[in-house]
Amino acid sequence: MRKGVIRPGHVQLRVLDLEPAVKHYTELVGLIETHRDAMGRVYLKGWSDTELFSVVLREADEAGMDCQGFKVRDDATLSALGRDLAAWGTQVEEIAPGELDHCGRRLRFLSPSGHTLELYADKAYTGRWGISRVEPEAWPRGLRGMRVQRFDHCQLHGRDIEATRDLLSEVLGFYVTEHVLDQEGGRNLAIFMSLAMKAHDIALILDERHGTFHHAAFHVESWESLLRAGDLIAMTGTSLDTAPTRHGITHGQTTYFFDPSGNRNEVFAGGDVHYPDQPPSVWYEKNLGKAIFYHHQKLSEKFMTALT
């Protein structure tokens, strides 16, 4: 196994109407718009994201996720991982530098679960928004909405999630932090994977709706921040999926809601610290409700069925 993938770097989302989407992600979620390119795409970041962008919005006829990108250590690592992906049997496409403004070349591939993932080494470094690198203050002034800190992870649905797990672990250095097994304990229904010490950097859910997108998650500082996010959802009449509560898996605090195009967002706080030498936690299908929503201990129909 070759290491060198550092963290989630960005997600590109398709939205049906660009300006209402930009308003949602800046005024409600609290991302900061940093750039617009010649193709009409809008680039955004959380205030603690250190690169120019972590979210890209693209207007399209159908909502959903175009791709999720992961940052690797350097260009030599990027080339080596490209060779490893090809040796594993994955078709790799090289995207030229500048196809996303201010981003170097990317290596793009399709996971067995039907999702487009990509790796990159170089992107414009801007530092934390409104915070000096020298004697930084606690947080920047002028934040809006939910004041999210960073893009955190995506949850992806499809078939062949165990093959995706193997690709991510054997080639890219992810490891499993938690998983959900069926009643017999022989099949993974959900797999949560991390690159470092976070509860998860990607979540894979077994689903016949192959290659579908469940949510993009944004990190906030605390449970109080999450309650404020819930208040803002109510105050703005935003489509709510799940009110602030706690997960069983990860033990993180969460609320889910939808952007104007129907893409689900999550605001996430806390969560377990997980080290690579720890064995993964196990949940079983019979307690899936508690695994996902620890307090309610049951799943809502919308949470299970609304995908883009």
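Above: the structure in question.
Residues numbered from 1 in each chain as written. Predicted model: local features only at pLDDT ≥ 70, side-chain atom pairs only at ≥ 80, totals over all residues. Heavy atoms only, no water.

### Examining the overall build of the protein chain
A count of helical and extended segments in the protein chain gives six helices and 17 strands. Over its C-alpha atoms the protein chain spans a radius of gyration of 18 Å, differing by no more than 12% from the 19 Å that the globule rule assigns to 308 residues. Dimensions along the principal axes, computed over C-alpha positions, put the protein chain at roughly 50 × 45 × 45 Å. For the protein chain, with 308 residues in total, the buried portion stands at 55%. A separation threshold of at least 6 residues defines the contact pool for the protein chain, and within that pool the share at least 24 residues apart is 67%. (Helix = DSSP H or I, 4+ residues; strand = E, 2+ residues; numbered from the N terminus. Rg over C-alpha atoms; globule rule 2.2 N^0.38 Å. Buried < 20%, exposed > 50% of the residue type's maximum accessible area, 1.4 Å probe, protein only. Contact = heavy atoms within 4.5 Å.)

### Here we look at the state of the cysteines
All told, the structure shown has zero disulfides when counted by the stated rule. Here Cys67 is not cross-linked by a disulfide; its sulfur's nearest cysteine counterpart is in Cys154, at 9.5 Å. Unpaired in this structure, Cys103 has its nearest cysteine sulfur neighbour in Cys67, at a distance of 9.7 Å. Overall, the relative accessible area of 5% leaves Cys103 in the buried class. (Disulfide = S-S within 2.5 Å.)

### So, the layout of surface pockets
Taken as a whole, the largest pocket spans an internal volume of roughly 390 Å³. Taken together, 27 residues line the largest pocket, and the ones lying closest to its centre are Ala190, Ile205, Leu288, Ile292 and Met304. Tallied by class, residues from the lining of the largest pocket come to 15 nonpolar, eight polar and four charged. (1 Å grid on protein atoms, 1.4 Å probe; cavity = no way out; pocket = protein on both sides within 12 Å on 5 of 7 lines; lining within 4 Å. Points joined across faces, edges and corners; volume = space filled by probe spheres on them. Nonpolar A, V, L, I, M, F, W, Y, C, P; charged D, E, K, R; others polar.)

### What to know about the pairing of strand E3 (residues 42-45)
Here is the key point about a regular strand: its side chains alternate between the two faces of the sheet. Going residue by residue along E3, you find Val42 and Leu44 tucked away on one face and Tyr43 and Lys45 tucked away on the opposite face as well. Strand direction decides the pairing type here: strand E2 (residues 32-36) and E3, joined by four bridges, are antiparallel. Residue Ile32 lies in a different strand from E3, and its bridge partner there is Lys45. With antiparallel pairing between neighbouring strands as the criterion, E2 and E3 make up a hairpin whose turn holds five residues, including Gly40 at a positive phi of roughly 90°. Relative to strand E4 (residues 55-59), E3 runs antiparallel, the two being bridged by three bridges. When the bridges of E4 are listed, Val42 appears paired with Leu57. (Pairing = 2+ DSSP bridges.)

### Details of the nonpolar core
Residues Leu57, Leu119, Met146, Leu168, Leu172 and Phe218 are the most contacted members of the largest nonpolar core, which totals 54 residues. Counting residues per element, this core draws most heavily on helix H1 (residues 18-28), which supplies five residues. When residues no more than four places from it in sequence are discounted, the contact partners of Leu57 are Leu13, Val15, Leu18, Ala21, Val22, Tyr25, Arg41, Val42 and Leu44. If you look at the next biggest cluster of nonpolar residues, it comprises 13 residues, including Leu189, Phe192, Ile205 and Tyr256. (Core = buried A, V, L, I, M, F, W, Y, C linked by side-chain atoms within 4.5 Å.)

### Here we look at the pairing of strand E13 (residues 212-219)
Counting buried positions along E13 gives eight out of eight residues, so the element sits mostly inside the fold. Where strand E9 (residues 150-158) and E13 come together, seven bridges link them in antiparallel fashion. Note that in E13 the partner of Arg150 across the bridge is His219. Judged from the four bridges that link them, E13 and strand E16 (residues 264-270) form a sheet pairing that is parallel. Following the sheet pairing, His219 is matched in E16 by Phe268.

### Examining the sheet that holds strand E1 (residues 5-15)
Sheet architecture is open: eight strands sit in the order E2-E3-E4-E1-E5-E8-E7-E6, paired in mixed fashion. Since the sheet does not close on itself, it has two edges, and those belong to E2 and strand E6 (92-95), each with one partner. Across the sheet, the mean angle from the axis of one strand to that of its neighbour is 25°, orientation sign disregarded. The pairing of strand E7 (residues 106-110) with strand E8 (residues 116-120) spans five bridges and is antiparallel. Looking at E8, one finds that Arg108 is bridged to Glu118. Packed onto the sheet, H1 meets E1, E2, E3 and E4 and runs at close to 160° relative to E4. (Axes fitted to C-alpha atoms, helices over the stretch in contact; angles between N-to-C directions.)

### Re the sheet that holds strand E14 (residues 240-246)
Pairing is mixed in the open sheet, where nine strands are placed in the order E14-E15-E16-E13-E9-E12-E11-E10-E17. Two strands close off the open sheet at either side, each with one partner strand: E14 and strand E17 (281-284). Direction aside, neighbouring strands of the sheet carry axes that sit 20° apart on average. In this fold H1 packs onto E13, strand E15 (252-258) and E16, with an angle of close to 150° to the strand it touches most, E15. Here helix H3 (residues 161-170) sits on the sheet and contacts E9, strand E10 (175-181), strand E11 (188-194) and strand E12 (202-206); the angle it forms with E11, its principal contact strand, is near 20°.

### Considering a negative patch on the surface
Together, Asp17, Glu59, Asp61 and Glu62 line one region of the surface with negative charge. Mapped onto the secondary structure, Glu62 falls in the loop between E4 and strand E5 (64-72). Under the relative-accessibility criterion, Glu62 is labelled exposed at 57%. (Patch = residues over 30% accessible without salt bridge, like charges linked within 9 Å, V, L, I, M, F, W, Y side chains within 5 Å. Areas by Shrake-Rupley, 256 points an atom, 1.4 Å probe, with all protein chains shown as cover. Salt bridge = Lys/Arg side-chain N within 4 Å of Asp/Glu carboxyl O. Lys, Arg positive; Asp, Glu negative; His and termini not counted. Charge placed at Lys NZ, Arg CZ, Asp CG, Glu CD.)

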